[in-house]
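# Observations on the model geometry
One letter stands for each residue in the lines below.
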Amino acid sequence: MQDQPYSRQIKGFAAPGFRSPHPARRLRGRPLLWGAGALAGLGFLGWLGLQVHPRPFPPAFPSPGVTRTVPLPAGLPGPVDRYYQQTYGERLPVITSAVITGRATLRPVPGGPTFPARFRFIHEAGRNYRHYIEATWFGLPLLRVNEAYLDGVSRREMPRPLPSSTGDPKDAQAANLGLWSETLWMPAVYLTDHRVRWEAVDDTTALLRVPFGEAEETYVVRFDPVTGRPAMMEVMRYQNAADEAKTLWLNLTLSWAEFGGVTLPGKAAAHWLNQARPWAVFTAEQVTYNADVGEAVRGRGP
């Protein structure tokens, strides 16, 4: 054999049983790889968008502050009295309205993804409220929620396919409990509203009875034995309007923060007992008292 370049000598060589893949077969596999790569990229993009927290709502309600106080009532259950003594001392502020603004994480669908969100809760203390919530993706509004409880009538406006409703009695029961649970950001109202009653249970537990129309609802309030502050509020609530029975609803205080010199919940979670995780965690960033909210509580948007 004449001397030839090495590359020419091995041209055409194949190991026994080896077949070079047909070009068409190689091409047929590529779309599957491209599709898998595209799905992975979209999944990563979706996940990345959920890691971006929205900007908070700007302040919108000038507050005249709290100017009137009343004495702390006598005869309160032990853990209740200790909590109010350390929160306010011997005198309670008279609070007529509150606006709670902050950010949150939400799971609109049980078992679904968790969305970053921002929220504003507007309260006429102990009477009416309106919630405005925006779930976001890359900080941009993706899902807007307007819900209210006004004069005993509930209204929930949700984007499809999530359910909306107006005037449903079970939704009203749930909304009324939402109002009284959020009153923990203005806890003086639990004592200055004559319709509300505390009853003793033991050294770290008390019953909180709140109005619902002509009836009452009852919370079991459990106080942290170390800090003396409410750690959990338990109550039976309708989870959906179609439910025949109520479900235990837990309101958990995860941390505390200072607002205007008063220690209030910094982070709180709402948790249905039949779900593995809380469906919402709210972080308060601003609390404004006694602003004129009469128009805003009946409006739309933040």
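Anything mentioned here points back to the structure above.
Residues numbered from 1 in each chain as written. Predicted model: local features only at pLDDT ≥ 70, side-chain atom pairs only at ≥ 80, totals over all residues. Heavy atoms only, no water.

## A short note on the packing of aromatic side chains
Inclusion rule: Pairing of aromatic rings covers Phe, Tyr and Trp, the last counted by its six-membered ring, and requires centre-to-centre distances within 6.5 Å; plane angles under 30 degrees mean stacked, over 60 mean edge-to-face, and any other angle means tilted. Two thresholds decide whether a charge sits over a ring: the Lys NZ or Arg CZ must be within 6 Å of the ring centre and within 35 degrees of the ring normal.
Counted by the stated rule, this structure contains 15 aromatic pairs. With a centroid separation of 6.1 Å and 90 degrees between ring planes, the pair formed by Tyr190 and Trp198 is classed as edge-to-face. Among the aromatic residues, those joined into a ring-pair cluster are Tyr83, Tyr84, Tyr88, Trp180, Tyr190, Trp198, Phe223 and Trp256. The ring of Trp256 is capped by Arg229, whose NZ or CZ atom sits 5.6 Å from the centre of that ring. The ring of Trp249 carries Arg237 above its face, with NZ or CZ at 4.0 Å from the centroid.

## Focus: helix 4 (residues 169–182)
Here is the rule: Helix and strand definitions follow DSSP, with helices as H or I runs of at least four residues and strands as E runs of at least two, each counted in order from the N terminus. By this rule the span expected of a helix is its residue count minus one, scaled by 1.5 Å. Per-residue accessibility, obtained with a 1.4 Å probe over protein chains only, is compared with the maximum for each type, and a residue is labelled buried under 20%, exposed over 50%, and partly exposed between these values. N or O atoms within 3.5 Å of each other form a polar contact, as long as, within protein, one can give a hydrogen and the other can take it, and as long as residues adjacent in sequence are counted only when both atoms are side-chain atoms.
For helix 4, which comprises 14 residues, the first-to-last C-alpha distance of 20 Å matches the rise-based estimate of 20 Å (1.5 Å per residue) to within 8%. Extensive coverage of helix 4 is indicated by the burial of twelve of its 14 residues. Those residues of helix 4 that sit buried are Asp171, Ala172, Gln173, Ala174, Ala175, Asn176, Leu177, Gly178, Leu179, Trp180, Ser181 and Glu182. The N-capping residue of helix 4, defined by a side-chain oxygen 2.9 Å from the backbone nitrogen of Lys170, is Asp168.

## Here's the deal with the pairing of strand 4 (residues 115–124)
The condition is simple: We treat two strands as partners when DSSP finds at least two bridges between them.
Counting buried residues along strand 4, ten of its ten residues qualify, which places the element largely inside the surrounding structure. Residues of strand 4 alternate between two faces, with Phe115, Ala117, Phe119, Phe121 and His123 on one and Pro116, Arg118, Arg120, Ile122 and Glu124 on the opposite face, all of them buried. The pairing of strand 3 (residues 97–106) with strand 4 spans ten bridges and is antiparallel. Across the sheet, residue Arg103 finds its bridge partner in strand 4, namely Arg118. Relative to strand 5 (residues 128–137), strand 4 runs antiparallel, the two sharing eight bridges. Bridge assignment links Ile122 to a residue of strand 5, and that residue is Arg130. Connecting strand 4 to the antiparallel partner strand 5 that follows it, the hairpin turn spans three residues, and Gly126 within it adopts a positive phi of roughly 75 degrees.

## Some words on the environment of Glu124
Definition in use: Contact between two residues is taken to exist if any of their heavy atoms lie within 4.5 Å; hydrogens are not considered.
Along the chain, the position of Glu124 falls in strand 4. Its relative accessible area of 19% is what places Glu124 among the buried residues. Sequence separation between Glu124 and Ile95 is 29 residues, and the spatial gap between their C-alpha atoms is 9.1 Å. For Glu124, the contacting residues outside a window of four places in its chain are Thr96, Ser97, Val293, Gly294, Val297 and Arg298.

## Some thoughts on the environment of Leu264
Secondary-structure assignment places Leu264 in strand 14 (residues 262–272). Put simply, Leu264 and Trp185 are 79 residues apart on the chain and 5.9 Å apart in space, counted from C-alpha to C-alpha. Excluding its chain neighbours within four sequence positions, the residues that come into contact with Leu264 are Leu184, Trp185, Pro187, Ser255, Trp256, Ala257, Phe259 and Tyr289.

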